[in-house]
Amino acid sequence: LVLRSNWSYFVWQVACDLLRRIIRILYLSKRLQGQLQGGSREITKAAQSLNELDYLSQGVDLSGIDVIENDLLFISRARLEVENQAKRLLEQGMEIQNPSQVGTALQVFYNLGNLRETIRSVVDGYRTSVQENVVNALDIKVLTQPANTRGAPGRAVMPTPGNTAAFRAALWTNLEKLMDQICAACGQVQHLQKVLTKKRDPVSHVCFIDEIIKDGQPDILHTFWSSVTQTLSEELQKATAASTFLKQALEGEYPKLLRLYNELWKRLQQYSASIQGALVSSGAGLDVELPVSEHDAEDLFTRTKPDYDPEKDLKDSLQPYEAAYLSKSLSRLFDPINLVFPQGGRNPPSNDELDSIIKTIASELNVASVDSGLTIAVAKNAAKTVQLFCVKSEQLLCTQGDASQVIGPLTEGQRRNIAVVNSLFRLQQAVAKVISGLGTFPPEAEQSHTASLEALMGSAVQPLLNSVTDSVEAILITMHQEDFSGPLPAGGRPDVPCSLYMRELQGFIARVMNDYFRPLQCLDFLYDSTEIIAQRAITLFIRHASLLRPLGEGGKMRLAADFAQMELAVAPLCRRVSDLGKAYRLLRSFRPLLFQTSEHIASSQALGDLIPYSTILHFLFNRAPAELKSPHQRAEWSISRYSQWLDDHPSEKDRLTLIRGALEAYVQSIRARQGKEFAPVYPIMLQLLQKATSVS
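Within an unreviewed UniProt entry, the label attached to the protein chain reads Component of oligomeric golgi complex 5, and the organism entered is Cyprinus carpio carpio.

### Examining the confidence of the model for the protein chain
Model confidence for the protein chain is summarised by a mean pLDDT of 82, while 78% of its residues fall at 70 or above. Low pLDDT, under 50, characterises residues 147–156; the predicted model gives this stretch three contacts beyond four residues in sequence or across chains. A low-confidence stretch, residues 288–297 (pLDDT under 50), is modelled with 20 contacts involving residues beyond four sequence positions or located in other chains.

### Section: the nonpolar core
General note: in soluble globular proteins, nonpolar side chains tend to be found buried as a group. Ranked by size, the top nonpolar core spans 182 residues in total, and within it Leu106, Leu192, Phe541, Leu559 and Met566 carry the most contacts. The dominant element in this core, judged by the number of residues it contributes, is helix H7 (residues 164–198), at 14 residues. Counting residues in each nonpolar core, the second largest holds seven residues, with Leu547, Ile639, Tyr642 and Leu646 among its members.

### As for the packing of aromatic side chains
As enumerated under the stated definition, the model contains twelve aromatic pairs in all. Centroid distance tryptophan 225 to tryptophan 265: 6.2 Å. Interplanar angle 50°. Geometry classified as tilted. A residue pair is termed long-range when its members are at least 10 positions apart, and tryptophan 225 in helix H9 (residues 220–242) and tryptophan 265 in helix H11 (residues 254–281) qualify at 40 residues. By the burial criterion, tryptophan 225 is buried, and tryptophan 265 matches it. Here the aromatic rings of tyrosine 642 and tryptophan 645 are separated by 6.1 Å at their centres, their planes lie at 15°, and the arrangement is stacked. Taken together, the residues span about one helical turn, with tyrosine 642 and tryptophan 645 both in helix H25 (residues 639–648) at a distance of three residues. Grouping aromatic residues by their ring pairs yields a cluster made of Phe541, Phe563, Phe590 and Phe619. Over the aromatic face of phenylalanine 484 sits the side chain of arginine 558, whose NZ or CZ is 4.2 Å from the ring centroid.

### A word on the layout of surface pockets
Volume-wise, the largest pocket comes out at about 430 Å³. Along the wall of the largest pocket there are 20 residues; nearest its centre are Thr539, Leu586, Pro612, Thr615 and Arg655. For the lining of the largest pocket, the elements supplying multiple residues, two or more each, are helix H19 (523–547), helix H21 (582–590), helix H23 (613–621), H25 and helix H26 (652–672). Of the residues that constitute the lining of the largest pocket, the class distribution is seven nonpolar, six polar and seven charged.

Criteria and cut-off values
- Residues numbered from 1 in each chain as written.
- Predicted model: local features only at pLDDT ≥ 70, side-chain atom pairs only at ≥ 80, totals over all residues.
- Heavy atoms only, no water.
- pLDDT = per-residue confidence, 0-100.
- Contact = heavy atoms within 4.5 Å.
- Core = buried A, V, L, I, M, F, W, Y, C linked by side-chain atoms within 4.5 Å.
- Buried < 20%, exposed > 50% of the residue type's maximum accessible area, 1.4 Å probe, protein only.
- Helix = DSSP H or I, 4+ residues; strand = E, 2+ residues; numbered from the N terminus.
- Phe/Tyr/Trp six-rings, centres within 6.5 Å; stacked < 30°, edge-to-face > 60°.
- Lys NZ or Arg CZ within 6 Å of the ring centre and 35° of its normal.
- 1 Å grid on protein atoms, 1.4 Å probe; cavity = no way out; pocket = protein on both sides within 12 Å on 5 of 7 lines; lining within 4 Å.
- Points joined across faces, edges and corners; volume = space filled by probe spheres on them.
- Nonpolar A, V, L, I, M, F, W, Y, C, P; charged D, E, K, R; others polar.

Given below as structure tokens:
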């Protein structure tokens, strides 16, 4: 009896629940009819009604109930009608980029409970469309169809020499169209994601994008973009593997392909920025007054994620074609070099041949200027070209002894070396002009182009420069063969304007500049080298002038004239004598000391900073008696050997140590002969030595 009672109660409960459901279904069915009559304005409410009706139908079998049979059929048809209407609204909103329509359609699908499935279906549709567009754009049959309309079905069609231009024109037209299609598809998917990040359900306040990615799925734009880049990579690889003509076209005109990719990326970034502004300014139907999702700040095309670079992902599909293009570019750059340097040739390229090389470099760099990365890669190829030119030019240089002679007229080897340096200089100037004309050019790439040229130019003229330097020193050292011990002449002026060695030096430098260096066209580079010779000449002149002894009053007058003439002697070696810096100031500062007393010399402001203490001490030795020997006299060295020792020991400490030894030897000699006093200049020299030692 108890079981029967419980069973009756259970049946009563089921009947009551079923009756409540039937009543609610009848009510909602009637309300749904009114909502459907309201059109798109009531479509979201209709979707809510359908969602509740689906809930009422779960867990129970409503078939065979006559009172709601017609309503169930109506509800089924209504659901299809609402879904189709929402799909049309979504498609239309996506096409015209209307966030309000898209938001309304998304709300309908959310209310119907199939938002994720709908989004996946829409994105898959765009993905499939992009793949079809890529395949069609690269279809060799489609590309050659206009010229082969009468071809047999299934027959392979290949471009002939006569229609290759038409084939390539069709290819680039198709690729431009493909980029437009990809941009449009990305824009629509991006617009969809932007609306999803803004749109919230007005009842639950759930952000739609959170509903899409709540199971750890990446955002839809990232997934779609990855599929687009993968499709491009795979289809390009398939198409070029199947068609040599297509492969050659993409490799040979790679910069054009890269430009299309760059333009696509730029358009996507611009669209991304504009759509963000549009959605912020107009939030109709998106409920943007509510707190936005954390995904709102993410944007694939304007804010790159730390672990993912979408632009690199796009361009990775081009790597095989870039590598092939750079290889062919290097061959094109090397060809004119190899052509103008034939095997066994002895002459550098002519001006016309240089122009051909420069035009090739300019052409390659100009074509590559569509992309900074490609510009750097081609610039490296151009640097290799310059290096090859240097290697070939170096093989022409004469390295025999006659290349460095400075006695007679130019030898054949010297003429060839000058021609090589001039060709290197012209190439350097032309490459610099090309680079400056490109506008933005990486500094490191620019430096790599000029460094090897300047290095070879320097090594080509260095033997001649060394010979000139050696000859200058050989001439200056002959001043010790002249007599500077005489008194003042009767008129108080020297008999000649300058010494014999100075006239020889002036004549030698003038002849060298005119005969050996004037044919060189690289004046700035030349002066950078010859100014070093001028500085060395002044340093040697001061050194040997300070070592002269004995030095009489007449000798001082003649030496002072030599100081003035020294400026004229080195003038051809530099732009301005004042450009010689410290060497010029040393020359000007030392001359007044010739006529000053030893005490005044010791207190000169130029000591230490401008004039080395060792140089002044050398000079003061000529005011001492013969018993106070100069350092080289005490060591029994020749002037030339002592000068070489000074070159090998530039440290003041080493030089002062040798001078100290000479002074100490003088003291010992005085004590050995039991002398009563030292030479007047000795205390001054000792004081200077002590001061110099404390400073150094």
